[in-house]
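A look at the structure
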Amino acid sequence: MPLATIAAEPHQVVVDLDRTALLIIDMQRDFLEPGGFGEALGNDVAALMPAIAPCQAVLAAARRRGLLVIHTREGHRSDLSDVPAAKMERGARPGLRIGDAGGMGRILVRGEPGHDIIAPLYPVAGEAVIDKPGKGAFYQTDLELILRNRAVENLLVCGVTTEVCVNSTVREAADRGYRCVVLADCCASYFPHFHAAGLAMIKAQGGIFGWVSAAAAAMAALA
Ligand code: TIU
């Protein structure tokens, strides 16, 4: 039982590394590169770029340590049968909606170039990729089954965006009993104040949803 102590807020957290997974949320071209879903929603995608290098460093450390690594992707079937009408209606203007042709193929559709994970964080053999139709990674996916089969209790969480898919997933995970340690510099938002608020909400009230740490602290624990 290799116990590691991770410096975090509101206080340090001790995890069994054999029961810890790295969960990287939606580091997809659709959110991080021009021409995808994130830009279609009116966002400046450059705001997410600072999360890439810290994520890369933690991913490399997790691979070296032999941690279970799980990547998620938000997206939909090509026939759009799994897109709720209410999701289709929200956000993007007609012509830039889910399923419409964008600069990286059809927006937020599985199998299209924009749906794929960005090159610097591309999964390798043995890493699970969870395709999810919603913001939370547990909703309508087999993530929980995979975690249970590997006896995972702790999640190091990275990805985008902090207040949307990262927060939704952490809340789902907390209710299922997982210790979530969110790595602040490995997450990003199109809105800096939402990034800060999203992290603050996780660690408030003694860690109401989990812990907030950073890439360097996670890597120190994995070393
Ligand atoms: N729009 C936004 O901030 N995020 C999403 O739509 N999905 C994720 O966060 N992955």
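Next up on the list: the packing of helix α6 (residues 162–175) against helix α7 (residues 192–207). Two elements in contact, α6 and α7, have axes whose closest approach is 9 Å; the angle formed by their N-to-C orientations is 15°. Our classification of the angle between α6 and α7 gives roughly parallel. Relative to α7, α6 is oriented so that their crossing is right-handed. Contact residues: T162, E163, N167, V170 and R171 in α6; F194, H195, G198, L199, M201 and I202 in α7. In terms of residue class, the contact of α6 with α7 is made up of five nonpolar, four polar and two charged.

So, on to the pattern of salt bridges. Opposite charge on two side chains makes pairing possible when the charged atoms of those side chains draw close. The tally for this structure, following the rule as stated, stands at 13 salt bridges. Two residues, D116 and R73, come together in a salt bridge whose shortest N-O distance is 3.5 Å. Of this pair, D116 sits in the loop between β6 (105–106) and β7 (128–132) while R73 is found in strand β4 (residues 68–74), placing the two residues 43 residues apart along the sequence. A salt bridge links R110 to D82; the nearest nitrogen and oxygen atoms lie 3.9 Å apart. Here R110, found in the loop between β6 and β7, pairs with D82, found in the loop between β4 and α4 (85–89); they are 28 residues apart in sequence, far enough to count as distant. Residue R110 is classed as partly exposed on the basis of its relative accessible area of 27%. Several salt bridges converge on common partners, so that one network encompasses R19, E153 and R179.

Here we come to the pairing of strand β1 (residues 3–6). Side chains of β1 alternate between two faces, with A4 and I6 buried and L3 and T5 left unburied. In the sheet, β1 pairs with strand β2 (residues 13–16) via four bridges, with the strands oriented antiparallel. Within the sheet, the bridge partner assigned to T5 lies in β2 and is V14. Hairpin connection between β1 and β2: a loop of six residues separates the two successive antiparallel strands.

A few words now on the sheet that holds strand β10 (residues 211–213). Ordered by their spatial adjacency, six strands build an open sheet running β7-β4-β3-β8-β9-β10, and the pairing between neighbours is parallel. The open sheet has two free edges, formed respectively by β7 and β10, since each of these has just one partner strand. Across the sheet, the mean angle from the axis of one strand to that of its neighbour is 25°, orientation sign disregarded. Here three bridges tie strand β9 (residues 179–188) to β10, and the two strands are oriented parallel to one another. In the sheet register, L183 faces β10, and the bridge partner there is S213. Strand contacts of α6: β3 (20–25), β4, β7, β8 (154–160) and β9, with the helix running at about 165° to β8, the strand carrying the most contacts.

Criteria and cut-off values
Residues numbered from 1 in each chain as written. Predicted model: local features only at pLDDT ≥ 70, side-chain atom pairs only at ≥ 80, totals over all residues. Heavy atoms only, no water. Axes fitted to C-alpha atoms, helices over the stretch in contact; angles between N-to-C directions. Helix = DSSP H or I, 4+ residues; strand = E, 2+ residues; numbered from the N terminus. Parallel < 35°, antiparallel > 145°, perpendicular 65-115°, else oblique. Left-handed = near helix turned anticlockwise from the far one by under 90°. Contact = heavy atoms within 4.5 Å. Nonpolar A, V, L, I, M, F, W, Y, C, P; charged D, E, K, R; others polar. Salt bridge = Lys/Arg side-chain N within 4 Å of Asp/Glu carboxyl O. Buried < 20%, exposed > 50% of the residue type's maximum accessible area, 1.4 Å probe, protein only. Pairing = 2+ DSSP bridges.

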